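Structural characterization, general
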Amino acid sequence: MKTAEQIWKEYCDGNTAFPTTDFLHQIAFILKNRPEVLGAIVKAFLDKKPNYIYHPRIGADIEVTFLPKEVYICRNETEITLSKSEFVHFLDGVDKVYSDILPLGTLVEIDKEQLSQELVVSLLGDEPLYVMIMGRKVVFDGAYVDYLAQFWPLGLQAELPPMAIHKTMIKRIIAQGYAASEKESSYVGQLREILMKTAVPSHFYLRLQEELDDENQA
């Protein structure tokens, strides 16, 4: 079974969507272990923030600056400037190869700030939103969502369709599903390879691309 690092190398070897420099490899590897940082970078991009700075407990800061047409990344006096299209493709690759894939049955709390406030008020009020993961990397309409989940503790209900969520919507993991098995590890590795080889985009990163297209047309 191939490791995530091997899959990333194969992806970069055949990639023309962004420059495959050693510096970007380092940034990708850091984001591998910090999914919350990847989510924060994406959120800053979508919210049109001027920049985002990651301050690790150990090591140098990562500063991402969003310019009108480009994205500037700097760490430890090394820097690179990407077009926004290159930046989106880079994030998409990191997400597919390196982001954690939670096991089935995992119970998570959703960040309600990323949901429609009308939905939050009508269904939850001040209560936290818990969902249980029932499907992973599910493809429909030519793209995939990270997870399909059901409201917890309700479970499957005829009047409540599964909820499509992206990993950045997860506020915290309450209880992780069963993952201590070679079958699980093998399946996750195969799933990453399939996503890379078929080049199926995620619905979340299609949103990033749509945001970029809207900027270019403005």
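Structural data are supplied above this passage.
Notes on the structure in this doc start here. (Residues numbered from 1 in each chain as written. Predicted model: local features only at pLDDT ≥ 70, side-chain atom pairs only at ≥ 80, totals over all residues. Heavy atoms only, no water.)

Moving on, we come to empty space enclosed by the protein. What the rule picks out here adds up to 1 cavity of 30 Å³ or more. A volume near 40 Å³ is recorded for the largest cavity. Ile27, Leu31, Ile41, Ile62, Val64, Ile73, Phe87, Phe90 and Leu91 together form the lining of the largest cavity. Taken together, the elements giving at least two residues each to the lining of the largest cavity come down to α2 (22-32), β2 (62-66) and α4 (84-98). (1 Å grid on protein atoms, 1.4 Å probe; cavity = no way out; pocket = protein on both sides within 12 Å on 5 of 7 lines; lining within 4 Å. Points joined across faces, edges and corners; volume = space filled by probe spheres on them. Helix = DSSP H or I, 4+ residues; strand = E, 2+ residues; numbered from the N terminus.)

Here the focus is the layout of surface pockets. Each pocket or cavity is described by its volume, and for the largest pocket that value is around 860 Å³. Of all elements in the fold, only α3 (35-46), β7 (143-151), β8 (163-165), β9 (170-175) and α7 (203-217) reach the threshold of two or more residues within the lining of the largest pocket. For the lining of the largest pocket, the leading source of residues is α3, giving 7 residues. In terms of residue class, the lining of the largest pocket is built from 14 nonpolar, 7 polar and 11 charged. Approximately 250 Å³ is the volume attributed to the second largest pocket. Around the second largest pocket, the lining comprises 18 residues; the ones closest to its centre are Ala4, Lys32, Val97, Val188 and Arg192. Sorting the residues of the lining of the second largest pocket by element identifies α1 (4-13), α4 and α6 (182-198) as the ones contributing at least two each. Considered class by class, the residues forming the lining of the second largest pocket number 9 nonpolar, 4 polar and 5 charged. (Nonpolar A, V, L, I, M, F, W, Y, C, P; charged D, E, K, R; others polar.)

With that out of the way, let us pick up the packing of aromatic side chains. Aromatic rings in a pair are described by how distant their centres are and how their planes are angled relative to each other. The full count for this structure, using the stated rule, is 8 aromatic pairs. With a centroid separation of 5.6 Å and 50 degrees between ring planes, the pair formed by Phe45 and Phe87 is classed as tilted. Here Phe45, found in helix α3, pairs with Phe87, found in helix α4; they are 42 residues apart in sequence, far enough to count as distant. The residues Phe45 and Phe87 share a single accessibility class, namely buried. Cluster of aromatic residues (ring-pair linked, three or more members): Trp8, Phe18, Phe90 and Tyr98. (Phe/Tyr/Trp six-rings, centres within 6.5 Å; stacked < 30°, edge-to-face > 60°. Buried < 20%, exposed > 50% of the residue type's maximum accessible area, 1.4 Å probe, protein only.)

Attention now moves to the sheet that holds strand β5 (residues 107-110). Read from one edge of the open sheet, 5 strands run β8-β7-β6-β5-β9, paired in antiparallel fashion. One side of each edge strand has no neighbouring strand; the edge strands of this open sheet are β8 and β9. Strand-to-strand twist across the sheet, computed as the mean angle between neighbouring axes with direction ignored, equals 45 degrees. As defined by bridge partners, β7 adjoins β8 across 3 bridges and the pair is classed as antiparallel. Bridge assignment links Ala149 to a residue of β8, and that residue is Met163. Together, β6 (129-140) and β7 form the strand contacts of α6, whose direction differs from that of β6 by roughly 50 degrees. (Pairing = 2+ DSSP bridges. Axes fitted to C-alpha atoms, helices over the stretch in contact; angles between N-to-C directions. Contact = heavy atoms within 4.5 Å.)

Take the environment of His55 next. Structurally, His55 is set in the loop between β1 (51-54) and β2. By relative accessible area, which is 54% here, His55 ends up exposed. Linking His55 and Val37, residues 18 residues apart in sequence, is a C-alpha distance of 9.9 Å. At 2.8 Å, the side chain of His55 forms a polar contact with the side chain of Asp61. (Polar contact = N/O pair within 3.5 Å; in protein donor to acceptor, adjacent residues only side chain to side chain.)

On to the nonpolar core, then. Trp8, Ile73, Phe87 and Phe90 are the most contacted members of the largest nonpolar core, which has 38 residues in total. Here Phe87 is in contact with Ile41, Phe45, Val64, Phe66, Val71, Ile73 and Leu82, once residues within four sequence places are set aside. Within the second largest apolar cluster, 15 residues are counted, among which are Val131, Ala149, Met163 and Met169. (Core = buried A, V, L, I, M, F, W, Y, C linked by side-chain atoms within 4.5 Å.)

Further remarks concern the side chain of Lys96. For Lys96, the position within the fold is in helix α4. For Lys96, a relative accessible area of 5% translates into the label buried. Setting aside its immediate chain neighbours within four residues, Lys96 contacts Tyr144, Arg192, Leu195, Met196, Ala199, Val200 and Pro201.

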